[in-house]
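Summary of the model geometry
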Amino acid sequence: MTKKNIMPVAVLVIICVVVAALLGGVNMLTKDKIAENALKKEQASLIEVMPGATLFEEIEAPAGAPETVKTVYRETSGLGYVLVMATRTSYSNADMAISVGISNGEVVGAKITNYAESKDIGKTTYPDRYIGTTLDDYSEVDTVSGATVSSTAFRAAIGDALETEKLLSSTVTVYVTMPSYMSGGETLPKNDTELAALLAQLVPDATFTETALPETADSTLKKIYSVSSGGYVAYIVVPGAYVPVATEALVYVDTNGDIKNINLLQWVVGHGVEPGDFAEGFIGNDIYHIDDVELVSQATYTALDFKNAVTMALGELTALMDIEEKVWLDLVDEKIPNSGEIVKLDLPSDAPSTLKALYKDTTGRGTVAHIVVPGAYVPVATEALVYFDNFGTIRGIDLRKWIVGHGVEPGDFAQGFIGKKAETVKEVELVTAATVTAEDFRDAVENAFPYVPVAFPIWRVVGILSISLAAAAYVAYEIIYRKRRALK
Amino acid sequence: MKNNKLSILLKGLILENPVLVLVLGTCPALAQTASVINAISMGIAATVVLICSNAVISALRKLIPDTVRIPCYIVIIAGFVTVVQMLLNAYLPDLYDMMGVYLALIVVNCIILGRAEMFARKNTVVDSALDGAGMGLGFLLALVAMALIREVLGAGTITLIPGSPFKIPFLSDYNIPILTQAPGGFLVFGILIAIVNKIGPKKGESKRKEFTCEGCPSAALCGKVACSESIEITADTKEKEAKSE
C-alpha cells in the first residue's frame, strides 16, 4: 500500500464525505418546506372543489353511506366535506372518479378527476351546473342531453354525495352554548324518561333501580342502575376532546364482570368512536381484558377518553359486585393452559403487601403470583401475574396493568423476568431511564419468591445420579477391559 | 488581462457556444425547449451548477490525483445539482415539477463535465468561474432561442409563468404543431447550428479552438488533423499521408 495507491482513494473519500455533509445540511434546511409542498400538492385536487379550504384530513365513510363513496375528507376548519366517489357507467368498465365538495348541505364544487371515455367532453360544463344545489334540487339540473349515460351517472353520484354529507352532519348535535354538565353542572344530556326507555332497549325484561355512585367514581360515570336479573348498567358521558359534543353510552355489565352489551347514544363521527366494530369490541371483556380493546389506527383522544371512561366504570361495577377475585381467578385459569382447578393459597401474615395472592394449579404444574405494586409517581398500580414452576423459576409473566413510559412494559422488560430464579432476579435489566416504578416492580417479584412453594427436585436428582452412574460404569468398564486386553 | 477575462466570458456565447458549436448538452436542448419558461429555468439551473462546479474543481485541481479525476468531478457536480434540486423543490415547486427528470440529468450534461476537463482543470478559479458563466449563458441563450422559435411558431403562445401560457393573437390560430414535437425540435436545432456556423469563422480557415485534440469530442472521427494549429488541411498534407501508408 504505497502512498501512490492510497492518495487517490483518500482524496475521493474525503470529497465524498464533504459533499455528503453539504447535502445533509441543505436537506435539513429544506425538508420541511418540501414536505409541506408535497402535502399541498396532494390536497390541491381537494382544494379545487372547495374554495377557501386549507387542510383536509381523511375520515371514515359513515355507516350507511352508498357504495359509490370511496373516500371522505373533512376540511379541518369546519368548512365541510369533500367526497371522492367512483361510479360506473354501463358502457365502460372504468370508474368515473368524481370529487364533490359539500358545505352545509350545498355543493360548492364538483370535478371529474378520471374518466377515460368521453375525454374533455363535459369536463367543464356539466359538473359546474351542480354548484349551489342541495339534496332537494340537485335532480332538477339539466343533464346535457338526458340521453348520455355519463351525465346521468354523474347526477346519481352527486345525489349520493349529498346524502352522505347529510349522514355525516346529522349524527352530530352541535351545541351552540357549552352544556352545563361539561362545566361540572348537574344537567345531563338525557333525562330520566329518555334513559328509562333506552335501558329497556338495552336489557329486555328487567327492571332498573338507580344506585348511589361510589365515592371513587370518575366524573364521566354519571349514573348506575342495578338490574333485577343481575348485573349493573352504567351511564357514561365523556366530554368531547375536540368539539363541544359528548360521547354517551350505556354499558351493561353482568354478574361475571363481563360487558354484556353496550349502547352508544351519541358520538362524534370520524373521531374513532362509532357503533359498529369499535363499540362491539367492548362486549365480552371484563376488567382484566378491557385493555385489549382495539382503537383504530388513527385513535383520537375521543376514543381514548371513551375507552378509559368505560374501563373506570367497569372497575367500579366489578368492585360494587365484589367479584374482583372471581374475575382474577378466571384470568389465571385462562392464562395457564390445561390447568386443573385453580386454588388460592393462604398467605402467611408476613407476606409483603405487594404480593396480593398466590394461586396453585391443582394439576401440579406450578404457582401463580398476583403482584400489585402501587404507583410511585401516579395513583395507578402496576399489576402482573407471574408464573413459577415447581422449582422456583419464573416461566411466564403477564402484565395486566402498567403505566406507559415508566419503565415497566410488556416487551423486553417483562420478558426479561422469564427464566430467573430467586438469586438471579436482581439481574433483570431496568431500562436506561429506569424509574422507581420499575425497580419497585422488580423488588416486588423478588420478595414473592420465598412464598412460592418449591418442590424438591427429586426427578432432577434421580436423573443426574443415573447419568453419572452410567458414565462411571462406562469408564470403569473401559479401564477393566483395556487392562484385560493389555494382559493378553 | 482584462481583455482576456472578458474574452473568456464572451467566447461561450457565440464563438464556442456549447450547444450550437461544441454540440454538447443536446438532450436538454431538445427536451426543454418546448416552452420558454422551461428553457429559462433549465438554462439558469445549468449555469449555476456550471459556475459552482467549475470554481470548486479549479480550486481543487492540484489536489485531485489524475487516476480518480472523473469520479471526483462527478461527485462534486452531482452534489451541486442535488443542492439546486432541493432548493427548487422547496422554494419553487412549480418549476421543479415542470423540469422533472431533466433537472437531475444536469449531472451527466456533457457541458459541465466537458468544461471541467477542458478548462477548469488547467486554469485559475476566477478564470474557470468566468468560463462557467460564459458557457452557461451561451447554453441559456441557445435554449431560449430554440424555445422562442419552437413555442411561438409551434404553439402560438409564450409561457413565462409555469402553467399559464400567453396566447399570441394571430399565431395561436395558425401554429405549426410539429415544431413543438421531436422532429420539429431537431429541425430547429439543425437550422440554428447552420446559422451559427455561418456567422462564425469563415469557411476554409482552420478553426482555431482553444482545446487540443485530446479534449475534442470529434477527435476520433476527424483523425486529429482538422483543428491542430500547426497543421492546415491542404491537398499536400493529404497526399503525404496517403503516400506514407
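In case you missed it, the structure is sitting above this.
Anyway, here's the lowdown on the structure attached to this text. Computed from a predicted structure; not experimentally measured.

**Let's talk about the overall build of chain B**
When its secondary structure is counted, chain B shows eleven helices and two strands. Element order for chain B, N to C, with α for helix and β for strand: α-α-α-α-α-α-α-α-β-β-α-α-α. Across the 245 residues in chain B, those meeting the buried criterion constitute 42%. Sequence separation of at least 24 residues holds for 73% of the intrachain contacts in chain B that already meet a minimum separation of 6. A total accessible area of about 13000 Å² is found for chain B, and carbon and sulfur atoms account for 67% of it.

**A closer look at helix 1 (residues 3-49) of chain A**
Residue and element names in this part refer to chain A. Between its terminal C-alpha atoms helix 1 stretches 67 Å, which fits the 69 Å expected from 47 residues at 1.5 Å a residue. Its maximal kink placed at Thr-30, helix 1 deviates by approximately 45°. Turning to helix 1, its buried residues number three or more, namely Pro-8, Val-11, Ile-15, Val-19, Val-26, Thr-30, Ile-34, Asn-37, Gln-43, Leu-46 and Val-49.

**With respect to the packing of helix 3 (residues 36-59) of chain B against helix 7 (residues 110-120) of chain B**
All names here are of chain B. Two numbers describe how helix 3 lies on helix 7: the axes approach to 10 Å, and their chain directions differ by 30°. Judged on the interaxial angle alone, helix 7 and helix 3 are roughly parallel. Along this stretch, helix 3 crosses helix 7, giving a crossing that reads as right-handed. Two secondary-structure elements touch here, helix 3 through Ala-46, Val-49, Leu-50, Ser-53, Asn-54, Ile-57 and Ser-58 and helix 7 through Ile-111, Ile-112, Arg-115, Ala-116 and Ala-120. Among the residues forming the contact of helix 3 with helix 7, the class breakdown is eight nonpolar, three polar and one charged.

**Side note on the environment of A:Ala65**
Residue and element names in this part refer to chain A. For Ala-65, the location among the structural elements is in the loop between strand 1 (56-59) and strand 2 (69-75). Residue Ala-65 is classed as partly exposed on the basis of its relative accessible area of 21%. Ignoring anything within four residues of it in the chain, the contact list for Ala-65 reads Thr-164 and Leu-167.

Conventions used here
- Residues numbered from 1 in each chain as written.
- Chains lettered and ligands numbered in written order.
- Predicted model: local features only at pLDDT ≥ 70, side-chain atom pairs only at ≥ 80, totals over all residues.
- Heavy atoms only, no water.
- Helix = DSSP H or I, 4+ residues; strand = E, 2+ residues; numbered from the N terminus.
- Buried < 20%, exposed > 50% of the residue type's maximum accessible area, 1.4 Å probe, protein only.
- Contact = heavy atoms within 4.5 Å.
- Areas by Shrake-Rupley, 256 points an atom, 1.4 Å probe, with all protein chains shown as cover.
- Expected span 1.5 Å × (residues − 1).
- Bend = angle between axes of the 7 residues up to and from the residue.
- Axes fitted to C-alpha atoms, helices over the stretch in contact; angles between N-to-C directions.
- Parallel < 35°, antiparallel > 145°, perpendicular 65-115°, else oblique.
- Left-handed = near helix turned anticlockwise from the far one by under 90°.
- Nonpolar A, V, L, I, M, F, W, Y, C, P; charged D, E, K, R; others polar.

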